[in-house]
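Structural features, examined
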Amino acid sequence: MSIKNLLTDTGAQLLNSLPSYREQDVFSLSMKLRAEGYDPQLISEALTQARLRQKATAKFGDDASHLIFTADGIEQATRKEVATIHAKHFIDAHCSHILDFGCGIGADSFSFASHGLAVTSIEIDDDAAAAASFNLSLYSSATVIHDDANNVDLAATGADAIWIDPARRRNGKRIKDPEQWYPSFSHTLELATQFNAAGIKVAPGIDYSLLPRHCHVQWISVNGDLVEAVIWLGNASPRPGRSALIIKNGIEHQFDSGYEDPRIPSIELEPRELGTFIFEPDPAVIRSGSISALAKKYGLAPVSNRIAYMTGDCPIDAPEISCFKVETVIDLNPKALRKELNSRGIGRVEIKKRGTDVVPEELRKKLKLNPKHPGSATIIATPLLGKHRAVLAHRQ
Ligand SMILES: C[S@@+](CC[C@H](N)C(=O)[O-])C[C@H]1O[C@@H](n2cnc3c(N)ncnc32)[C@H](O)[C@@H]1O
(Lines give C-alpha, C1' and ligand atoms only; values in the text may rest on other atoms or scores of the structure.)
Protein backbone atom coordinates (compact mmCIF):
# COMPACT_ATOMS: atom_id res chain seq x y z
CA MET A 1 0.00 0.00 0.00
CA SER A 2 1.25 3.48 -0.74
CA ILE A 3 -0.30 6.34 1.20
CA LYS A 4 1.24 8.86 -1.19
CA ASN A 5 -1.17 7.96 -4.05
CA LEU A 6 -4.09 8.79 -1.80
CA LEU A 7 -2.65 12.19 -1.04
CA THR A 8 -2.78 13.30 -4.70
CA ASP A 9 -5.82 15.38 -5.75
CA THR A 10 -7.35 12.39 -7.57
CA GLY A 11 -6.64 10.04 -4.62
CA ALA A 12 -8.15 12.44 -2.09
CA GLN A 13 -11.18 13.08 -4.31
CA LEU A 14 -11.77 9.34 -4.69
CA LEU A 15 -11.32 8.63 -0.97
CA ASN A 16 -13.67 11.41 0.07
CA SER A 17 -16.32 10.25 -2.40
CA LEU A 18 -16.54 6.74 -0.92
CA PRO A 19 -19.62 5.75 1.10
CA SER A 20 -19.27 4.14 4.57
CA TYR A 21 -17.22 0.96 4.17
CA ARG A 22 -19.19 -2.29 3.88
CA GLU A 23 -17.33 -5.48 2.99
CA GLN A 24 -20.23 -6.77 0.89
CA ASP A 25 -20.20 -3.63 -1.32
CA VAL A 26 -16.49 -3.75 -2.19
CA PHE A 27 -16.81 -5.71 -5.45
CA SER A 28 -19.69 -3.72 -6.97
CA LEU A 29 -18.18 -0.42 -5.82
CA SER A 30 -14.78 -1.12 -7.35
CA MET A 31 -16.48 -2.16 -10.64
CA LYS A 32 -18.41 1.11 -10.66
CA LEU A 33 -15.25 3.15 -9.95
CA ARG A 34 -13.34 1.34 -12.71
CA ALA A 35 -16.15 2.20 -15.12
CA GLU A 36 -15.74 5.84 -14.03
CA GLY A 37 -12.09 5.63 -15.13
CA TYR A 38 -10.25 5.36 -11.81
CA ASP A 39 -6.99 3.38 -11.75
CA PRO A 40 -7.59 -0.14 -10.26
CA GLN A 41 -4.57 0.20 -7.95
CA LEU A 42 -5.83 3.56 -6.61
CA ILE A 43 -9.33 2.09 -6.11
CA SER A 44 -7.86 -0.77 -4.09
CA GLU A 45 -5.80 1.62 -1.94
CA ALA A 46 -8.78 3.92 -1.37
CA LEU A 47 -11.02 1.01 -0.33
CA THR A 48 -8.32 -0.29 2.02
CA GLN A 49 -8.08 3.17 3.55
CA ALA A 50 -11.88 3.33 3.94
CA ARG A 51 -11.72 -0.02 5.79
CA LEU A 52 -8.90 1.26 8.03
CA ARG A 53 -10.85 4.43 8.79
CA GLN A 54 -13.84 2.37 9.84
CA LYS A 55 -11.64 0.23 12.09
CA ALA A 56 -10.01 3.34 13.52
CA THR A 57 -13.31 4.82 14.77
CA ALA A 58 -12.93 2.55 17.83
CA LYS A 59 -9.83 4.55 18.83
CA PHE A 60 -10.47 7.96 17.26
CA GLY A 61 -14.25 8.37 17.05
CA ASP A 62 -15.39 10.83 14.35
CA ASP A 63 -11.82 12.09 13.79
CA ALA A 64 -11.10 8.80 11.98
CA SER A 65 -13.12 9.93 8.98
CA HIS A 66 -10.61 12.64 8.07
CA LEU A 67 -7.32 11.02 9.14
CA ILE A 68 -5.06 8.68 7.14
CA PHE A 69 -3.97 5.33 8.58
CA THR A 70 -1.68 2.39 7.97
CA ALA A 71 -2.67 -1.05 9.24
CA ASP A 72 0.29 -1.14 11.66
CA GLY A 73 -0.25 2.50 12.57
CA ILE A 74 -3.78 1.83 13.90
CA GLU A 75 -2.59 -1.08 16.03
CA GLN A 76 0.21 1.00 17.54
CA ALA A 77 -1.60 4.33 17.84
CA THR A 78 -2.65 5.75 21.20
CA ARG A 79 -6.43 6.05 21.45
CA LYS A 80 -7.79 9.59 21.50
CA GLU A 81 -8.86 9.86 25.14
CA VAL A 82 -5.47 8.55 26.35
CA ALA A 83 -3.51 10.79 23.95
CA THR A 84 -5.48 13.68 25.46
CA ILE A 85 -4.14 12.69 28.89
CA HIS A 86 -0.56 12.75 27.55
CA ALA A 87 -1.09 16.25 26.13
CA LYS A 88 -2.66 17.58 29.35
CA HIS A 89 0.19 16.08 31.37
CA PHE A 90 2.78 18.00 29.34
CA ILE A 91 0.70 21.20 29.61
CA ASP A 92 0.47 20.80 33.40
CA ALA A 93 4.27 20.39 33.44
CA HIS A 94 4.52 23.78 31.62
CA CYS A 95 6.02 22.26 28.46
CA SER A 96 5.40 24.05 25.19
CA HIS A 97 7.14 22.10 22.43
CA ILE A 98 7.12 18.30 22.29
CA LEU A 99 9.49 16.18 20.26
CA ASP A 100 7.64 12.98 19.28
CA PHE A 101 10.42 10.41 18.69
CA GLY A 102 8.83 7.81 16.39
CA CYS A 103 5.40 9.38 15.88
CA GLY A 104 3.83 6.56 13.80
CA ILE A 105 0.72 7.88 12.04
CA GLY A 106 0.78 10.75 14.57
CA ALA A 107 -2.02 10.02 17.05
CA ASP A 108 -0.11 11.43 20.04
CA SER A 109 1.31 14.30 17.98
CA PHE A 110 -2.21 15.15 16.77
CA SER A 111 -3.35 15.38 20.36
CA PHE A 112 -0.35 17.55 21.37
CA ALA A 113 -1.00 19.92 18.45
CA SER A 114 -4.76 20.05 18.99
CA HIS A 115 -4.12 21.04 22.63
CA GLY A 116 -2.04 24.03 21.50
CA LEU A 117 1.44 22.51 21.94
CA ALA A 118 4.11 22.89 19.26
CA VAL A 119 5.26 19.47 18.06
CA THR A 120 8.16 18.10 16.03
CA SER A 121 7.30 14.58 14.97
CA ILE A 122 9.90 12.21 13.55
CA GLU A 123 9.08 8.93 11.84
CA ILE A 124 11.32 6.50 9.96
CA ASP A 125 8.66 4.45 8.15
CA ASP A 126 7.64 5.85 4.71
CA ASP A 127 3.89 5.27 4.91
CA ALA A 128 3.55 6.17 8.58
CA ALA A 129 5.49 9.42 7.99
CA ALA A 130 3.28 10.27 4.99
CA ALA A 131 0.16 9.58 7.08
CA ALA A 132 1.51 11.70 9.97
CA SER A 133 2.31 14.59 7.60
CA PHE A 134 -1.26 14.50 6.29
CA ASN A 135 -2.83 14.08 9.74
CA LEU A 136 -0.90 17.02 11.20
CA SER A 137 -1.18 19.31 8.16
CA LEU A 138 -4.04 21.17 9.87
CA TYR A 139 -1.66 22.52 12.50
CA SER A 140 0.93 25.16 11.62
CA SER A 141 2.67 24.42 14.97
CA ALA A 142 3.44 20.83 13.85
CA THR A 143 6.46 19.74 11.81
CA VAL A 144 6.88 16.18 10.56
CA ILE A 145 10.38 14.92 9.72
CA HIS A 146 10.64 11.71 7.71
CA ASP A 147 13.96 10.26 8.90
CA ASP A 148 15.67 8.03 11.43
CA ALA A 149 15.35 10.19 14.55
CA ASN A 150 18.86 9.12 15.55
CA ASN A 151 20.15 11.11 12.56
CA VAL A 152 18.31 14.28 13.56
CA ASP A 153 19.85 17.04 15.69
CA LEU A 154 17.19 16.85 18.42
CA ALA A 155 18.43 19.90 20.34
CA ALA A 156 18.11 22.03 17.19
CA THR A 157 14.34 21.36 17.08
CA GLY A 158 13.95 23.67 20.11
CA ALA A 159 11.67 21.16 21.87
CA ASP A 160 11.59 21.34 25.69
CA ALA A 161 10.09 17.88 26.15
CA ILE A 162 10.32 14.49 24.49
CA TRP A 163 7.59 11.89 24.02
CA ILE A 164 8.66 8.35 23.10
CA ASP A 165 6.27 5.54 22.31
CA PRO A 166 8.57 2.72 21.20
CA ALA A 167 7.32 0.10 18.74
CA ARG A 168 6.58 -2.98 20.88
CA ARG A 169 5.33 -5.29 18.12
CA ARG A 170 7.08 -6.95 15.21
CA ASN A 171 5.31 -9.04 12.54
CA GLY A 172 2.13 -8.84 14.58
CA LYS A 173 3.82 -10.27 17.69
CA ARG A 174 4.35 -8.51 21.00
CA ILE A 175 8.04 -7.98 21.89
CA LYS A 176 8.47 -8.79 25.58
CA ASP A 177 12.11 -7.80 26.08
CA PRO A 178 12.24 -3.96 26.51
CA GLU A 179 15.74 -3.96 25.03
CA GLN A 180 14.25 -5.28 21.76
CA TRP A 181 11.70 -2.44 21.56
CA TYR A 182 12.31 0.10 18.84
CA PRO A 183 13.94 2.30 20.15
CA SER A 184 15.22 0.12 23.00
CA PHE A 185 14.19 0.93 26.59
CA SER A 186 17.71 1.94 27.63
CA HIS A 187 17.92 4.25 24.61
CA THR A 188 14.59 5.90 25.54
CA LEU A 189 15.92 6.60 29.05
CA GLU A 190 19.10 8.07 27.61
CA LEU A 191 17.09 10.30 25.23
CA ALA A 192 14.92 11.48 28.14
CA THR A 193 17.95 12.91 29.94
CA GLN A 194 18.48 15.37 27.07
CA PHE A 195 15.18 17.19 27.78
CA ASN A 196 13.64 19.08 30.71
CA ALA A 197 10.64 16.79 30.61
CA ALA A 198 9.92 13.39 29.14
CA GLY A 199 7.18 10.79 28.78
CA ILE A 200 7.90 7.21 27.73
CA LYS A 201 5.00 4.88 26.95
CA VAL A 202 5.79 1.33 28.05
CA ALA A 203 4.11 -2.06 28.35
CA PRO A 204 1.93 -2.29 31.50
CA GLY A 205 3.98 -5.31 32.61
CA ILE A 206 7.21 -3.28 32.88
CA ASP A 207 9.48 -4.65 35.59
CA TYR A 208 9.70 -2.14 38.50
CA SER A 209 13.42 -2.86 38.86
CA LEU A 210 14.05 -1.32 35.39
CA LEU A 211 12.54 2.02 36.40
CA PRO A 212 14.69 5.08 37.08
CA ARG A 213 14.70 6.21 40.73
CA HIS A 214 13.14 9.66 40.23
CA CYS A 215 10.40 8.89 37.72
CA HIS A 216 6.66 8.76 38.27
CA VAL A 217 4.93 5.89 36.50
CA GLN A 218 1.26 6.03 35.72
CA TRP A 219 -0.72 2.92 34.76
CA ILE A 220 -3.79 3.87 32.72
CA SER A 221 -7.04 1.92 32.36
CA VAL A 222 -10.08 2.83 30.27
CA ASN A 223 -13.43 1.37 31.35
CA GLY A 224 -11.70 -1.54 33.07
CA ASP A 225 -9.13 -2.31 30.33
CA LEU A 226 -5.49 -1.71 31.16
CA VAL A 227 -4.11 0.16 28.15
CA GLU A 228 -0.59 1.35 28.96
CA ALA A 229 1.91 2.65 31.46
CA VAL A 230 3.77 5.95 31.07
CA ILE A 231 7.09 6.81 32.70
CA TRP A 232 7.17 10.54 33.40
CA LEU A 233 10.59 12.11 33.95
CA GLY A 234 12.12 15.50 34.74
CA ASN A 235 9.56 18.32 35.03
CA ALA A 236 6.86 15.91 33.85
CA SER A 237 7.30 13.74 36.96
CA PRO A 238 4.96 15.17 39.62
CA ARG A 239 6.83 13.15 42.31
CA PRO A 240 8.73 9.87 42.31
CA GLY A 241 6.43 6.87 42.67
CA ARG A 242 3.68 4.89 41.01
CA SER A 243 -0.01 5.55 40.54
CA ALA A 244 -3.09 4.43 38.65
CA LEU A 245 -5.14 6.65 36.38
CA ILE A 246 -8.58 5.13 35.97
CA ILE A 247 -10.82 6.49 33.22
CA LYS A 248 -14.44 5.46 33.58
CA ASN A 249 -17.08 6.84 31.23
CA GLY A 250 -14.74 9.67 30.31
CA ILE A 251 -14.07 10.71 33.94
CA GLU A 252 -10.52 10.49 35.33
CA HIS A 253 -9.72 9.16 38.81
CA GLN A 254 -6.23 8.98 40.36
CA PHE A 255 -5.12 6.38 42.85
CA ASP A 256 -1.66 6.59 44.39
CA SER A 257 0.34 3.52 45.42
CA GLY A 258 1.93 5.40 48.34
CA TYR A 259 5.43 4.25 47.31
CA GLU A 260 7.94 7.09 47.01
CA ASP A 261 10.46 5.01 45.06
CA PRO A 262 8.92 3.53 41.88
CA ARG A 263 11.29 0.54 42.00
CA ILE A 264 10.13 -0.80 45.38
CA PRO A 265 8.16 -4.07 45.03
CA SER A 266 4.69 -3.94 46.58
CA ILE A 267 4.42 -5.59 49.97
CA GLU A 268 2.58 -8.91 50.33
CA LEU A 269 -0.53 -8.63 52.49
CA GLU A 270 -1.84 -11.25 54.93
CA PRO A 271 -4.95 -12.93 53.47
CA ARG A 272 -8.20 -13.12 55.41
CA GLU A 273 -11.23 -15.44 55.40
CA LEU A 274 -13.89 -14.43 52.86
CA GLY A 275 -16.32 -11.89 54.32
CA THR A 276 -19.65 -10.46 53.11
CA PHE A 277 -18.14 -8.81 50.03
CA ILE A 278 -15.48 -9.75 47.49
CA PHE A 279 -13.76 -6.99 45.52
CA GLU A 280 -11.82 -6.79 42.29
CA PRO A 281 -9.43 -3.81 42.07
CA ASP A 282 -9.11 -2.01 38.73
CA PRO A 283 -6.20 -3.47 36.68
CA ALA A 284 -4.33 -0.14 36.81
CA VAL A 285 -4.48 -0.31 40.62
CA ILE A 286 -3.16 -3.88 40.56
CA ARG A 287 -0.31 -3.22 38.09
CA SER A 288 0.78 -0.02 39.82
CA GLY A 289 1.26 -2.04 43.02
CA SER A 290 -1.41 0.01 44.83
CA ILE A 291 -3.12 -2.95 46.51
CA SER A 292 -1.68 -2.21 49.95
CA ALA A 293 -2.84 1.43 49.71
CA LEU A 294 -6.28 0.18 48.69
CA ALA A 295 -6.37 -2.35 51.54
CA LYS A 296 -5.44 0.39 54.00
CA LYS A 297 -7.98 2.87 52.65
CA TYR A 298 -10.94 0.47 52.87
CA GLY A 299 -9.83 -2.03 55.54
CA LEU A 300 -9.58 -4.96 53.10
CA ALA A 301 -7.39 -8.06 52.84
CA PRO A 302 -6.67 -10.48 49.98
CA VAL A 303 -8.73 -13.68 49.86
CA SER A 304 -5.55 -15.74 49.46
CA ASN A 305 -1.79 -15.25 49.23
CA ARG A 306 -0.75 -13.25 46.14
CA ILE A 307 -4.34 -13.03 44.82
CA ALA A 308 -5.71 -9.59 43.87
CA TYR A 309 -9.32 -10.33 44.94
CA MET A 310 -9.94 -8.60 48.25
CA THR A 311 -12.55 -9.09 50.94
CA GLY A 312 -14.31 -6.99 53.55
CA ASP A 313 -17.66 -6.61 55.27
CA CYS A 314 -18.88 -3.26 53.93
CA PRO A 315 -19.87 -2.41 50.36
CA ILE A 316 -17.64 0.04 48.46
CA ASP A 317 -18.75 2.32 45.65
CA ALA A 318 -15.51 3.66 44.12
CA PRO A 319 -14.00 3.75 40.61
CA GLU A 320 -10.82 1.95 41.72
CA ILE A 321 -12.61 -1.23 42.80
CA SER A 322 -15.57 -3.40 41.74
CA CYS A 323 -17.76 -4.71 44.54
CA PHE A 324 -19.63 -8.06 44.64
CA LYS A 325 -21.90 -9.35 47.42
CA VAL A 326 -21.08 -12.95 48.27
CA GLU A 327 -24.08 -15.30 48.05
CA THR A 328 -22.38 -18.64 48.59
CA VAL A 329 -19.13 -20.55 48.07
CA ILE A 330 -19.13 -23.79 46.06
CA ASP A 331 -16.56 -26.40 45.05
CA LEU A 332 -14.89 -25.35 41.83
CA ASN A 333 -16.46 -28.05 39.66
CA PRO A 334 -19.03 -27.60 36.87
CA LYS A 335 -21.48 -30.17 38.23
CA ALA A 336 -21.74 -28.54 41.68
CA LEU A 337 -22.01 -25.12 40.08
CA ARG A 338 -24.69 -26.23 37.61
CA LYS A 339 -26.80 -27.63 40.45
CA GLU A 340 -26.47 -24.41 42.48
CA LEU A 341 -27.31 -22.13 39.52
CA ASN A 342 -30.37 -24.19 38.60
CA SER A 343 -31.67 -24.23 42.16
CA ARG A 344 -31.33 -20.43 42.28
CA GLY A 345 -32.98 -19.89 38.86
CA ILE A 346 -29.85 -18.30 37.39
CA GLY A 347 -29.68 -18.30 33.58
CA ARG A 348 -26.93 -15.70 32.94
CA VAL A 349 -23.47 -15.51 34.49
CA GLU A 350 -20.34 -13.43 34.22
CA ILE A 351 -17.26 -15.56 34.98
CA LYS A 352 -14.09 -14.13 36.54
CA LYS A 353 -10.97 -15.95 37.59
CA ARG A 354 -7.56 -15.46 39.19
CA GLY A 355 -5.00 -17.96 40.39
CA THR A 356 -6.80 -20.97 38.86
CA ASP A 357 -6.50 -22.64 35.47
CA VAL A 358 -10.25 -22.34 34.77
CA VAL A 359 -11.00 -21.26 31.18
CA PRO A 360 -14.16 -19.13 31.54
CA GLU A 361 -15.64 -19.99 28.12
CA GLU A 362 -15.10 -23.73 28.66
CA LEU A 363 -16.67 -23.54 32.11
CA ARG A 364 -19.62 -21.60 30.66
CA LYS A 365 -20.30 -24.41 28.15
CA LYS A 366 -20.22 -27.03 30.89
CA LEU A 367 -22.69 -25.06 33.01
CA LYS A 368 -25.42 -25.59 30.34
CA LEU A 369 -27.21 -22.47 31.53
CA ASN A 370 -30.97 -22.46 31.12
CA PRO A 371 -31.87 -19.22 29.23
CA LYS A 372 -35.42 -19.40 30.64
CA HIS A 373 -34.07 -18.81 34.14
CA PRO A 374 -34.44 -15.06 34.86
CA GLY A 375 -31.64 -14.68 37.44
CA SER A 376 -28.06 -13.55 36.86
CA ALA A 377 -24.89 -13.80 38.95
CA THR A 378 -21.09 -13.54 38.91
CA ILE A 379 -18.96 -16.64 39.40
CA ILE A 380 -15.49 -15.80 40.77
CA ALA A 381 -13.09 -18.73 40.49
CA THR A 382 -10.22 -18.17 42.93
CA PRO A 383 -8.23 -19.71 45.75
CA LEU A 384 -9.71 -18.78 49.14
CA LEU A 385 -6.96 -19.12 51.76
CA GLY A 386 -5.24 -21.52 49.36
CA LYS A 387 -8.30 -23.68 48.48
CA HIS A 388 -9.70 -23.43 44.94
CA ARG A 389 -13.34 -22.36 45.10
CA ALA A 390 -16.15 -20.75 43.10
CA VAL A 391 -17.67 -17.72 44.79
CA LEU A 392 -21.22 -17.07 43.64
CA ALA A 393 -21.79 -13.34 43.98
CA HIS A 394 -23.82 -10.36 42.80
CA ARG A 395 -22.24 -7.27 41.32
CA GLN A 396 -23.18 -4.18 43.42
C1 LIG B 1 4.31 2.67 18.68
S2 LIG B 1 4.62 3.59 17.26
C3 LIG B 1 4.15 5.22 17.71
C4 LIG B 1 2.68 5.41 17.74
C5 LIG B 1 2.27 6.84 18.04
N6 LIG B 1 2.58 7.23 19.39
C7 LIG B 1 0.78 7.04 17.83
O8 LIG B 1 0.04 7.15 18.82
O9 LIG B 1 0.34 7.05 16.67
C10 LIG B 1 6.37 3.69 17.24
C11 LIG B 1 6.92 4.29 15.96
O12 LIG B 1 8.29 4.64 16.19
C13 LIG B 1 8.94 4.56 14.93
N14 LIG B 1 10.40 4.58 15.21
C15 LIG B 1 11.10 3.73 15.97
N16 LIG B 1 12.40 4.07 16.00
C17 LIG B 1 12.51 5.19 15.24
C18 LIG B 1 13.60 6.02 14.88
N19 LIG B 1 14.84 5.77 15.27
N20 LIG B 1 13.35 7.09 14.10
C21 LIG B 1 12.09 7.37 13.70
N22 LIG B 1 11.03 6.60 13.96
C23 LIG B 1 11.23 5.53 14.74
C24 LIG B 1 8.39 3.27 14.35
O25 LIG B 1 8.58 3.23 12.94
C26 LIG B 1 6.93 3.35 14.76
O27 LIG B 1 6.14 3.91 13.75
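Conventions we followed
- Residues numbered from 1 in each chain as written.
- Predicted model: local features only at pLDDT ≥ 70, side-chain atom pairs only at ≥ 80, totals over all residues.
- Heavy atoms only, no water.
- Buried < 20%, exposed > 50% of the residue type's maximum accessible area, 1.4 Å probe, protein only.
- Helix = DSSP H or I, 4+ residues; strand = E, 2+ residues; numbered from the N terminus.
- Phe/Tyr/Trp six-rings, centres within 6.5 Å; stacked < 30°, edge-to-face > 60°.
- Lys NZ or Arg CZ within 6 Å of the ring centre and 35° of its normal.
- Salt bridge = Lys/Arg side-chain N within 4 Å of Asp/Glu carboxyl O.
- Polar contact = N/O pair within 3.5 Å; in protein donor to acceptor, adjacent residues only side chain to side chain.
- Contact = heavy atoms within 4.5 Å.
- Core = buried A, V, L, I, M, F, W, Y, C linked by side-chain atoms within 4.5 Å.
- Near = heavy atom within 4 Å.
- Nonpolar A, V, L, I, M, F, W, Y, C, P; charged D, E, K, R; others polar.
- Axes fitted to C-alpha atoms, helices over the stretch in contact; angles between N-to-C directions.
- Parallel < 35°, antiparallel > 145°, perpendicular 65-115°, else oblique.
- Left-handed = near helix turned anticlockwise from the far one by under 90°.
- Pairing = 2+ DSSP bridges.
- Disulfide = S-S within 2.5 Å.

Moving on, we get to unusual backbone geometry. Cis geometry is adopted by the peptide bond preceding proline 183, which originates at tyrosine 182 and carries an omega value of 0°. Within the chain, asparagine 249 stands out as a residue other than glycine whose phi angle is a positive 50°. Accessibility expressed as a relative area gives 71% for asparagine 249, which makes it exposed. One non-glycine residue, lysine 368, lies in positive phi territory at about 45°. Here lysine 368 is to be found in the loop between α13 (360-367) and β17 (375-384). You can call lysine 368 exposed: its relative accessible area is 60%.

Within this structure, the stated rule accounts for ten aromatic pairs. On the basis of an interplanar angle of 35° and a centroid distance of 5.4 Å, the ring pair of phenylalanine 60 and phenylalanine 69 is categorised as tilted. The exposure class of phenylalanine 69 is buried, given its relative accessible area of 0%. Plain terms: the ring middles of tyrosine 208 and tryptophan 219 are 5.9 Å apart, the flat faces sit at 75° to each other, and that makes the pair edge-to-face. Here the residue tyrosine 208 occupies a position in the loop between β7 (197-202) and β8 (216-222), and tryptophan 219 occupies one in strand β8, the gap between them amounting to eleven residues. Site record: aromatic cluster; members linked through ring pairs are Phe90, Phe112, Trp163 and Trp232. Note that arginine 242 overlies the ring of tyrosine 208, its terminal NZ or CZ placed 3.8 Å from the centroid. Above the ring of tyrosine 309, the side-chain terminus of arginine 354 is found at 5.3 Å from the ring centroid.

Inspection of the entire model under this criterion finds 18 salt bridges. Notably, a salt bridge pairs lysine 80 with aspartate 63, separated by 3.1 Å at the nearest N-O pair. Here aspartate 63 lies in the loop between α4 (40-60) and α5 (71-76) and lysine 80 lies in helix α6 (residues 80-92), a separation of 17 residues in the sequence. Judged by relative accessible area, lysine 80 falls into the partly exposed class, the value being 41%.

So, on to the side chain of glutamine 218. For glutamine 218, the position within the fold is in strand β8. Of note is the side chain of glutamine 218, whose polar atom sits 3.0 Å from the side chain of tryptophan 232. For glutamine 218, the residues in contact, after removing those within four places along its chain, are His89, Glu228, Ala229, Val230, Trp232, Ser243, Leu245 and Gln254.

Let's shift gears to the nonpolar core. Membership of the largest hydrophobic core comes to 51 residues, with the highest contact counts inside it found for Leu14, Leu18, Phe60, Phe69, Phe90, Ile98 and Phe112. Of all the elements, α4 adds the most residues to this core, at eight residues. The residues contacting phenylalanine 90, other than those within four sequence positions of it, are Cys95, Ile98, Phe112, Leu117, Ala161, Ile162, Trp163, Ala198, Gly199 and Trp232. In this structure, Phe101, Ala159, Ile246 and Phe277 belong to the second largest nonpolar core, which totals 44 residues.

Around the ligand, 23 residues are found, and the nearest of them are Thr78, Asp108, Glu123, Ala149 and Asp165. The separation between a nitrogen atom of the ligand and a polar side-chain atom of aspartate 108 is 2.9 Å. Looking at the shell around the ligand, the elements that each hand over two or more residues are α7 (107-114) and β2 (118-123). Of the residues in the shell around the ligand, the class split is twelve nonpolar, six polar and five charged.

Let us now look at the packing of α6 against α7. Look at α6 against α7: their axes get within 8 Å of each other, and the N-to-C directions meet at 50°. Between α6 and α7, the angle falls in the class oblique. Considering how the two elements wind past one another, α6 and α7 form a crossing that is right-handed. Residue-level inspection shows Ala83, Thr84, His86, Ala87 and Phe90 of α6 in contact with α7, the latter providing Ala107, Asp108, Ser111 and Phe112. For the contact of α6 with α7, the residue count by class is five nonpolar, three polar and one charged.

A separate point is the sheet that holds strand β16 (residues 346-353). The sheet built from seven strands is open, its strands ordered β13-β14-β12-β15-β18-β17-β16 with mixed pairing. Strands with a single pairing partner mark the edges of an open sheet, and in this sheet they are β13 (301-302) and β16. Of the strand pairs in this sheet, β16 and β17 are connected by seven bridges, and their pairing is parallel. When the bridges of β17 are listed, isoleucine 346 appears paired with glycine 375. Of the strands in this sheet, β16 and β17 are in contact with α13, which crosses β16 at around 155°.

Turning next to the environment of glutamate 179. Along the polypeptide, glutamate 179 turns up in the loop between β6 (173-174) and α9 (185-192). With relative accessibility at 39%, the residue glutamate 179 sits in the partly exposed group. As for glutamate 179 and glutamine 76, which are separated by 103 residues in sequence, their C-alpha atoms are 18 Å apart. Excluding its chain neighbours within four sequence positions, the residues that come into contact with glutamate 179 are Ser184, Phe185 and Ser186. Within the structure, the side chain of glutamate 179 is placed 2.6 Å from the side chain of serine 186, a separation counted as a polar contact.

This next bit is on the state of the cysteines. Under the definition given, this model contains zero disulfides. Free of any disulfide, cysteine 95 has its nearest cysteine sulfur in cysteine 215, 16 Å distant. Looking at cysteine 95, the relative accessible area reads 10%, which means it is buried. Cysteine 103 takes part in no disulfide bond, and the closest cysteine sulfur, belonging to cysteine 95, lies 18 Å away. When its relative accessible area of 7% is taken as the criterion, cysteine 103 is described as buried.

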